[in-house]
Amino acid sequence: MSITAGSRPVSGTAPSAGPRFTKSGTQWRVVAPEAVLRNTVSDADGDKSTLTFEVWTVKADGTPDTKVKLTDDNPYGVKVSPYVASGSLASVKIDYGVLKPRTQYMFHTNAFDGSLYEPNWSPWTKFTIEPYATFPVAQSTSGIDPVAQTTVEFTRTDPDGSATVAPLSATSEPTLSDFAEDDCSKPDKQDRRVCFTLGKSTKDKAKRSKAPRPGKTRETTQTFTDASAEALAGSPTPGGNDAVDLVDWCTNAADGLDYMNRTEACLKDLGEGELWFFGSDPEKPAIGRGTFLFEQRMKTYRNKSESGSDFAEFDQQLVIIPTYIDPALKGVTMKWNVASSCSSCDVAPIQWTDDGANPTVGAHWTYDPTSDYSGRWGTVVTRWTGTGKEQIDLDWSITVSVDASNSVDATADFGSSGISAVRELAPRCDDITRGAVTPGCVFPFFKPTFTVDTNLYPAAGAYYWVMQERMPDHAGSKKWDSLLHYLGPDTTVKNPSTGAAWSSDDSRVPVHVDQAPRRPDRGQHRLRRVRPRVHPRERRIPRRRQPGHRRQQVRPAVHGLGVQRRR
């Protein structure tokens, strides 16, 4: 009987490491936490073979230094590939943490076909585990304000029909027959009438055409100085100053646009009012005319430290600036009408002042050809005395009369706080607080952003950014305008793990990665969503909307990554 020895298997001469299996010079660059080592293997008999992979650290002179233990599966600490067909690539994956980033390694392979070993090792090849993420050293201090907000420009959804047309005087000198019946008063004893309309300024048409669509917002580039207003061909509010302006930065905002943040609104596009005084002949021109500019301010207070009140509070202000009063009118009086849907509110009488913050008896001007007319600033304080929460719809109009006929007046509508689907100017007040925080109000239409301070927390900022970029819905990304939603203490949502009502503590579990069994349709890891420790009024995190829950919206931005806050 004779025995014929088979051929020994042979390793390839070009072992490689990855991913991405690319080289820098003569060295392979591994850019993943789990390195994959591979080489071809051949057997002249056509037998399947395995490869044994042995990894060493590298000395300064480029020679092997210390053997690396890759596994506990065998006494040699080497990795062995599965059997592969002759001429194929055999590979092994090195577990995360075995090889260290920024360390140079070298490896070679040895083949085995089930009965015979390769007599020699393959050529060496070098590789380095490159950091798959590099972060700058965290700083001890930072100039980033995580809760700083950028004021946005917006367009009202319900400015009323009378605020969508140009003033009649822009194209002609109207007669009484040019006006709708609702725009004019009943006749006085001498058959005279007053007509009053509110229209958009023609000089701001170009700016208005670039404003956001109704119900949308856009971060403003203005710095709210004289210079920034002039850069937009705008002008500050005539007579405006910190002593009278409820929203101090609004005076220097460019006219023709509207602005807001979480607690303040500045309406510089409210319109121009035209007052017409007609005689008894409806086909004759008016016997007198007056023109006025209108602006509006709103301010909410998040707590007692801001308002000084034990109750939730929001204030409203109307600014009226006369630009012309005809002598035939003798004088003009305007009454600001404020309507509200509030079920539990204490509304103070409107207080009027002039440009110098001096109290005035209402908004009245006597014809005076010798000087310019001072503006009137009317402010109304509303305190919410309810419990739970309430979003309050508002509605505004102006009633005007003339001294030449104290028995006639006309009213123009300024619109409302917004259509029901948007409610951009409807403040929300609540007393849903924890600890000693007092009731307060905000504008929920404005979506605040929490900025992760990447100077102090570079790794966390990068992690949030990767999640926002890679998750299909880009949850919380300012760039993608994808909001996160906060489940408040009054939510009816259940904890899916326990079945109990969702609690504030459920919103404070840290985000982390859990090991999970591999499924055919999933990767090895799954993200378990979590929420940072934050005050329920300050930041919103959970995203999922469920029945019975009113959404509160939030948008994280990493150095621009944001998380949003409610008050």
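Residues numbered from 1 in each chain as written. Predicted model: local features only at pLDDT ≥ 70, side-chain atom pairs only at ≥ 80, totals over all residues. Heavy atoms only, no water.

This part takes up the overall build of the protein chain. In terms of helices and strands, the protein chain carries four helices and 35 strands. In the protein chain, which comprises 567 residues, the proportion classed as buried is 47%. Contacts spanning at least 24 positions in sequence make up 71% of the contacts within the protein chain whose residues lie at least 6 apart. Accessible surface for the protein chain amounts to roughly 28100 Å². Of this, 50% is attributable to carbon and sulfur atoms. (Helix = DSSP H or I, 4+ residues; strand = E, 2+ residues; numbered from the N terminus. Buried < 20%, exposed > 50% of the residue type's maximum accessible area, 1.4 Å probe, protein only. Contact = heavy atoms within 4.5 Å. Areas by Shrake-Rupley, 256 points an atom, 1.4 Å probe, with all protein chains shown as cover.)

One pass over the structure, following the stated rule, counts 13 aromatic pairs. Aromatic side chains Phe-179 and Phe-278 sit 5.6 Å apart centroid to centroid with 65 degrees between the ring planes, which places their arrangement in the edge-to-face category. Of this pair, Phe-179 sits in the loop between β12 (152-154) and β13 (193-199) while Phe-278 is found in strand β16 (residues 264-278), placing the two residues 99 residues apart along the sequence. Of the two residues examined, Phe-179 and Phe-278, each falls in the buried class. Between the aromatic rings of Phe-224 and Tyr-259, the centroid separation amounts to 5.7 Å while the plane-to-plane angle is 85 degrees, which identifies the pairing as edge-to-face. Of this pair, Phe-224 sits in the loop between β14 (217-219) and α2 (226-231) while Tyr-259 sits in strand β15 (residues 258-260); the two residues are 35 residues apart in sequence, bridging distant segments of the chain. Exposure class is identical for Phe-224 and Tyr-259. Each is buried. One aromatic cluster is present, formed by Phe-53, Tyr-105, Phe-107 and Phe-127 through successive ring pairs. One Lys or Arg, Arg-38, reaches over the ring of Phe-21 and ends 3.5 Å from the middle of that ring. (Phe/Tyr/Trp six-rings, centres within 6.5 Å; stacked < 30°, edge-to-face > 60°. Lys NZ or Arg CZ within 6 Å of the ring centre and 35° of its normal.)

Moving on: the state of the cysteines. Counted by the stated rule, this structure contains four disulfides. The side chain of Cys-250 participates in a disulfide bridge whose partner is Cys-266; the two sulfur atoms lie 1.9 Å from each other. Looking along the S-S bond of the Cys-250-Cys-266 disulfide, the torsion reads about 70 degrees, which is the right-handed sense. Linking Cys-250 in the loop between α2 and β15 with Cys-266 in strand β16, this pair joins segments that are 16 residues apart in sequence. (Disulfide = S-S within 2.5 Å.)

In this section: the sheet that holds strand β27 (residues 405-416). Backbone hydrogen bonds hold the strands of a sheet together, and the pairing may be parallel or antiparallel. If you trace the four strands from one edge of the open sheet to the other, you get β23-β19-β26-β27, paired in antiparallel fashion. On the outer flanks of this sheet lie β23 (363-366) and β27, each paired with one strand and no other. Strand-to-strand twist across the sheet, computed as the mean angle between neighbouring axes with direction ignored, equals 20 degrees. (Pairing = 2+ DSSP bridges. Axes fitted to C-alpha atoms, helices over the stretch in contact; angles between N-to-C directions.)

One broad rule of soluble globular proteins: the nonpolar side chains tend to lie buried together. Formed by 47 residues in total, the largest nonpolar core has its most connected members in Phe-294, Ile-320 and Met-334. Judged by nonpolar contacts, the second largest core, of 21 residues, contains Trp-28, Val-84, Val-92 and Phe-127. (Core = buried A, V, L, I, M, F, W, Y, C linked by side-chain atoms within 4.5 Å.)

A separate point is the pairing of strand β26 (residues 394-402). Of all the nine residues making up β26, seven are buried; the element is thus mostly covered by neighbouring parts of the structure. In terms of strand pairing, strand β19 (residues 331-340) meets β26 through nine bridges, oriented antiparallel. By the bridge assignment for β26, Ser-340 is matched with Leu-394. Hairpin connection between β26 and β27: a loop of two residues separates the two successive antiparallel strands.

Quick look at the pattern of salt bridges now. Per the counting criterion, the structure on display carries 18 salt bridges. With its nearest N and O atoms 3.0 Å apart, the salt bridge here joins Asp-188 to Arg-192. By relative accessible area, Arg-192 is classed as buried at 17%. Between Arg-297 and Asp-245 there is a salt bridge, and its shortest N-O distance comes to 2.8 Å. (Salt bridge = Lys/Arg side-chain N within 4 Å of Asp/Glu carboxyl O.)

On to the environment of Tyr-367. You can see Tyr-367 is positioned in the loop between β23 and β24 (376-384). For Tyr-367, a relative accessible area of 30% translates into the label partly exposed. Excluding residues that lie within four positions of it along the chain, Tyr-367 makes contacts with Ile-325, Asp-326, Pro-327, Lys-330, Gly-331 and Tyr-373.

Our next topic: the sheet that holds strand β28 (residues 428-430). The strand order across the open sheet built from three strands is β25-β28-β29, with neighbouring strands paired in antiparallel fashion. Unpaired on one side and paired on the other, β25 (389-391) and β29 (440-442) mark the two borders of the sheet. Neighbour-to-neighbour, the strand axes of the sheet open up by a mean angle of 15 degrees, direction not taken into account.

As a further point, take the environment of Thr-438. Its place among the elements puts Thr-438 in the loop between β28 and β29. In the structure, Thr-438 is positioned 129 residues away from Ser-309 in sequence and 9.0 Å away in space, judged by C-alpha atoms.

Here helix α4 (residues 458-470) contains 13 residues, and its C-alpha end-to-end distance of 18 Å stays within 8% of the 18 Å for a straight helix at 1.5 Å per residue. When α4 is considered as a whole, its buried residues turn out to be Pro-458, Gly-461, Met-467 and Gln-468. (Expected span 1.5 Å × (residues − 1).)

This part covers the confidence of the model for the protein chain. Residues with a pLDDT of 70 or more make up 82% of the protein chain, whose mean pLDDT is 83. For residues 512-567, every residue scores under 50 in pLDDT, and the model assigns this stretch 213 contacts once sequence neighbours within four places are set aside. (pLDDT = per-residue confidence, 0-100.)

Once that is clear, we can look at unusual backbone geometry. Trans is the common state for peptide bonds, and a negative phi is the common state for residues other than glycine. Between Gly-18 and the following residue, Pro-19, the backbone shows a cis peptide bond with an omega angle of -10 degrees. Structurally, Pro-19 can be placed in the loop between β2 (16-18) and β3 (22-24). With an omega of 15 degrees, the peptide bond between Pro-19 and Arg-20 qualifies as cis. Relative to the elements of secondary structure, Arg-20 occurs in the loop between β2 and β3. One non-glycine residue, His-474, lies in the positive phi region at around 50 degrees. Considering the arrangement of structural elements, one finds His-474 in the loop between α4 and β31 (484-485).

Burial analysis of strand β17 (residues 288-301) places twelve of its 14 residues in the buried class, the great majority of the element. Relative to β17, β16 is paired through eleven bridges, and the arrangement is antiparallel. From the neighbouring strand, Leu-267 faces β17, where its bridge partner is Gln-296. Pairing of β17 with strand β18 (residues 312-325), which is carried by twelve bridges, proceeds in the antiparallel orientation. Paired with Lys-299 across the strands is Asp-315, a residue of β18.

Attention now moves to the side chain of Asp-326. Relative to the elements of secondary structure, Asp-326 occurs in the loop between β18 and β19. Lacking a salt bridge, the buried Asp-326 has Arg-289 as its closest oppositely charged neighbour, with an N-O distance of 7.0 Å. Those residues within four positions of Asp-326 in sequence are excluded, and the remaining contacts are Ile-287, Gly-288, Arg-289 and Tyr-367. (Lys, Arg positive; Asp, Glu negative; His and termini not counted.)

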